[in-house]
Amino acid sequence: MLIQTDEYRRYLLEVKKSSTNTIESYLRDIKIFNDFLLKKQFKTITEIDHNCILEYIEFLKSLSKADTTILRNVAAIKSYFTFIYLRGKVNLNPTDNIKLSKKVKSISGILSEDEISRLLKAPDTTNRKGIRDSAMLEILYATGIRVSELINLNLENVNLSAGFIVSKGETDRIIPIHNEAIKALNNYIQNSRSLLNIEKNNALFLNLNGKRISRQGFCKLLKKYAVDANISKDVNPYIIRHSFATHLIQNGASLKDVSEMLGHSYSSTINIYAHLINDNVKKSYKKFHPKSL
């Protein structure tokens, strides 16, 4: 296992005096989290960050897990990371500032369309790195894919002539991409990636050493561009994903279509975004119903 729990089990039993049911429940939840991390190809416990915890919560929601189940999972993970942080096994506790009410709500806010526009314009596309970064940001917002899906894209997952990518996540799905994203991605493939002269590596997004870009590498550059774009919010991949879905719905997309693009179950998407549909319905009702004038 990536997450070692022997010491943690003793801590729960001997120090916390937790019940047998609580201990077994926490360890079971941590094992599920461990399996999630292994599928995402994490190698060490120190790689796990705040964004990873948010993505795991979103993953649980996509499985239509009950609010109480998600809350228990988060409680178990917070307890474990607090334990290893206090013992100096990690330098930062990735569960800090992860707070859920008794009813699970959207974890973070969104960026406005203006903020997204500024973010997408932040990379300097006169150099190879900026061309790559521009393509990554464009694809992330154009598709709403998870950061793990973004960095694991391969060349064969892209069809620029047809205007779509194939995302290889929890469920494989075809997601359309708009013209600006197509242009940015084509510019990257032709004028940035090709200069690395990599024949054996079929990863789409490479670092300047010709290796697949890491999650940490992408999150670091995303933070940088948020600062460059003068965005004061805590920008992370989940916020871009959430903004993608919110902007689609606000502009008239159906929950069913958005849930398919996100790789969510329909019921999970309803739980997160139904209030946006309700707002649109209310506006339409007030505008068009003869008795609302």
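Basis of the calculations
- Each chain has its residues counted from 1, following the order in which its sequence is written.
- Owing to the predicted nature of the model, reporting of local features is limited to residues with pLDDT of at least 70; listing and counting of side-chain atom pairs is limited to 80 or more, with chain, interface and lining totals taken over all residues.
- Excluding hydrogens and water, the side-chain figures rest on all heavy atoms present in the structure.
- Segments assigned H or I by DSSP are reported as helices when at least four residues long, segments assigned E as strands when at least two residues long, and all are numbered from the N terminus.
- Between buried and exposed lies partly exposed: a residue is buried under 20% and exposed over 50% of the maximum accessible area for its type, with that area taken using a 1.4 Å probe on protein chains only.
- By definition in these notes, contact holds between two residues if any of their heavy atoms fall within 4.5 Å.
- All accessibility values rest on the Shrake-Rupley procedure with a 1.4 Å probe; residue burial counts only the protein chains present in the view.
- Residues enter a nonpolar core if they are buried and are Ala, Val, Leu, Ile, Met, Phe, Trp, Tyr or Cys, with the set joined through side-chain atoms within 4.5 Å.
- In this scheme, strands are said to pair when DSSP sees at least two bridges between them.
- One side-chain nitrogen of Lys or Arg within 4 Å of one carboxyl oxygen of Asp or Glu is enough to make a salt bridge.
- Geometry of aromatic contacts follows a simple scheme: Phe, Tyr and Trp rings, the Trp one being its six-membered ring, pair when their centres are within 6.5 Å, and the pair is stacked under 30 degrees between planes, edge-to-face over 60, tilted otherwise.
- Lines fitted to C-alpha atoms define the axes, with helix axes restricted to the stretch in contact, and inter-axis angles between N-to-C directions lie between 0 and 180 degrees.
- What makes a crossing left-handed is the near helix being turned counterclockwise from the far one by less than a right angle; a clockwise turn instead makes it right-handed.
- Basically, the charged four are Asp, Glu, Lys and Arg, the nonpolar ten are Ala, Val, Leu, Ile, Met, Phe, Trp, Tyr, Cys and Pro, and anything else, Gly included, counts as polar.
- In a helix, the anticipated span is given by 1.5 Å times the number of residues less one.
- Pairs of N or O atoms within 3.5 Å make up the polar contacts considered here, provided that, within protein, one atom can donate a hydrogen while the other can accept it, and that residues adjacent in sequence are counted only when both atoms are side-chain atoms.
- Angular relationships are summarised with four words: roughly parallel below 35 degrees, roughly antiparallel beyond 145, roughly perpendicular across 65 to 115, and oblique for the angles in between.

Asker: So what exactly am I meant to see when it comes to the overall build of the chain here?
Answerer: A tally of helices and strands in the chain yields twelve helices and three strands. In the chain, buried positions account for 47% of the 293 residues. Within the chain, contacts between residues separated by at least 24 positions form 63% of all contacts whose residues are at least 6 apart in sequence. A total accessible area of about 15400 Å² is found for the chain, and carbon and sulfur atoms account for 51% of it.

Asker: Got a minute to help me understand the nonpolar core in this structure?
Answerer: The nonpolar side chains of a soluble globular protein tend to be buried, and buried together. Within the largest apolar cluster, 51 residues are counted, with the highest numbers of intra-cluster contacts made by I139, F205 and F218. Of all elements in the fold, only α5 (113-121), α6 (128-143), α7 (147-151), α8 (179-191), α9 (215-228), α10 (237-250) and α11 (255-262) reach the threshold of two or more residues within this core. The greatest single-element share of this core, amounting to eight residues, is contributed by α6. The next biggest cluster of nonpolar side chains, apart from the first, holds 33 residues, and it includes L12, I57, L60 and F81.

Asker: What is the right way to read the environment of V147 from this model?
Answerer: Structurally, V147 is set in helix α7. Judged by its relative accessible area of 4%, V147 is buried. Taking the C-alpha atoms as reference points, V147 and Y238, 91 residues apart in sequence, are found 7.9 Å from one another. The contacts of V147, once residues within four sequence positions are left out, are E55, R215, F218 and P237.

Asker: Help me out: how do you make sense of the sheet that holds strand β3 (residues 172-176) in this one?
Answerer: Across a sheet, paired strands are connected by hydrogen bonds in the backbone, their directions being either parallel or antiparallel. Taking strand neighbours across the sheet as the criterion, the three strands line up as β1-β2-β3 in an open arrangement whose pairing is antiparallel. Strand pairing shows two members of the sheet lacking a second neighbour, β1 (158-159) and β3, which therefore form its edges. Examined bridge by bridge, strand β2 (residues 164-168) and β3 share five bridges and lie antiparallel to one another. Looking at the pairing, V166 lines up with I174 of β3.

Asker: Looking at this structure, I do not really get the pattern of salt bridges. What am I missing?
Answerer: Where side chains of opposite charge bring their charged atoms close, a pairing between them can arise. Under the definition given, this model contains 16 salt bridges. A salt bridge links E149 to R146, with the shortest nitrogen-to-oxygen separation between them at 3.6 Å. Per residue, the accessibility class of E149 equals that of R146, and both read buried. Through salt bridges with shared partners, a single network forms among K40, E55 and R215.

Asker: Mind showing me how you'd approach the environment of L153 here?
Answerer: Tracing the sequence through the fold places L153 in the loop between α7 and β1. Residues in contact with L153, not counting those within four places in the same chain, are I139, I145, I165, V166, A203, L204, F205 and R212.

Asker: Hey, could you run me through the packing of aromatic side chains in this one?
Answerer: Each aromatic ring pair is specified by the distance between its two centres and by the angle formed by the two planes. Enumeration according to the criterion identifies eleven aromatic pairs in this entry. Judged by centre distance (5.3 Å) and plane angle (85°), the ring pair of Y8 and Y80 falls under edge-to-face. Here the residue Y8 occupies a position in helix α1 (residues 6-15), and Y80 occupies one in helix α4 (residues 67-86), the gap between them amounting to 72 residues. Summarising the burial analysis for this pair, Y8 and Y80 share the class buried.

Asker: Any chance you could explain unusual backbone geometry here in plain terms?
Answerer: Apart from glycine, the bulk of residues carry a negative phi angle, and the bulk of peptide bonds sit in the trans form. The phi angle at K17 is positive, at roughly 55°, despite the residue not being glycine. Locating K17 in the fold gives a position in the loop between α1 and α2 (20-39).

Asker: What is the right way to look at the packing of α6 against α8 in this model?
Answerer: For any two helices packed against each other, one specifies the crossing angle of their axes together with the interaxial distance. At a closest axis distance of 8 Å, the pairing of α6 and α8 adopts a crossing angle of 145°. Crossing of α6 over α8 shows left-handed handedness. Along the contact surface, α6 presents R128, I131, R132, S134, A135, E138, I139 and A142, while α8 presents E180, A181, A184, L185, N187, Y188 and N191. Its residues assigned to classes, the contact of α6 with α8 comprises eight nonpolar, three polar and four charged.

Asker: Can you walk me through α10 in this structure?
Answerer: Given 3.6 residues to a turn, an α-helix orients residues that are three or four positions apart in the same direction. In this model, α10 (14 residues) spans 20 Å end to end at C-alpha, consistent with the 20 Å of a helix rising 1.5 Å per residue. Among all positions in α10, only P237, Y238, I239, I240, R241, H242, S243, F244, A245, T246, H247 and I249 are buried. Where α10 begins, the capping side chain belongs to N236, and its oxygen is found 3.0 Å from the backbone nitrogen of Y238. One or two positions beyond α10, positive phi appears at G252, with a value near 110°.

Asker: Can you walk me through the packing of α5 against α10 in this structure?
Answerer: Contact pair α5 / α10: the axes reach a minimum separation of 11 Å and the direction vectors enclose 130°. Judged by the angle between their axes, α5 and α10 are oblique. Crossing hand, α5 versus α10: left-handed. Taking contact as the criterion, the partners of E113, I116 and L119 in α5 are, on α10, I240, S243 and H247. Its residues placed into classes, the contact of α5 with α10 shows three nonpolar, two polar and one charged.

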